[in-house]
Amino acid sequence: VVMTVKVDKVACTGCGLCVDACPEVFELDDGLAVVKADPVPAKNENTCRDAVNGCPTNAISITK
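So, here's what we can say about the structure. (Residues numbered from 1 in each chain as written. Predicted model: local features only at pLDDT ≥ 70, side-chain atom pairs only at ≥ 80, totals over all residues. Heavy atoms only, no water.)

## Some details on the pairing of strand β2 (residues 26–29)
Sheet faces and side chains relate simply in a regular strand, where the side chains alternate between the two faces. Across four bridges, the pairing between β2 and strand β3 (residues 32–35) is antiparallel. Residue pairing across strands places leucine 28 opposite alanine 33, the latter belonging to β3. Hairpin connection of β2 to β3: two residues between the antiparallel strands, including aspartate 30 at a positive phi of 55°. (Pairing = 2+ DSSP bridges. Helix = DSSP H or I, 4+ residues; strand = E, 2+ residues; numbered from the N terminus.)

Now the structure itself:
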């Protein structure tokens, strides 16, 4: 099963915790998080889940 994630631009505060947790998948663009690896590489799924769970505003969701 392929994992994909999305960032809710309204909820994102640009704190960067997702980038710290999983820089292979997330980056900051104009102060907000964006997904740069879609789908998520299999080797990064666990750190991507850490980023989702660590988001203080619940702005990141796993879509598949």
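Moving on, there is more to tell.
## Side note on the pattern of salt bridges
A side chain with one charge may pair with a side chain of the opposite charge, provided their charged atoms come close. Using the criterion set out here, one finds one salt bridge in the structure. The closest approach of N and O atoms between arginine 49 and glutamate 45, which form a salt bridge, is 4.0 Å. With arginine 49 and glutamate 45 both in helix α2 (residues 45–54) and four residues apart, the pair spans about one turn of that helix. Of the residues examined, arginine 49 reaches a relative accessible area of 34% and is grouped as partly exposed. Under the relative-accessibility criterion, glutamate 45 is labelled buried at 17%. (Salt bridge = Lys/Arg side-chain N within 4 Å of Asp/Glu carboxyl O. Buried < 20%, exposed > 50% of the residue type's maximum accessible area, 1.4 Å probe, protein only.)

This is a description of form; function is not addressed.
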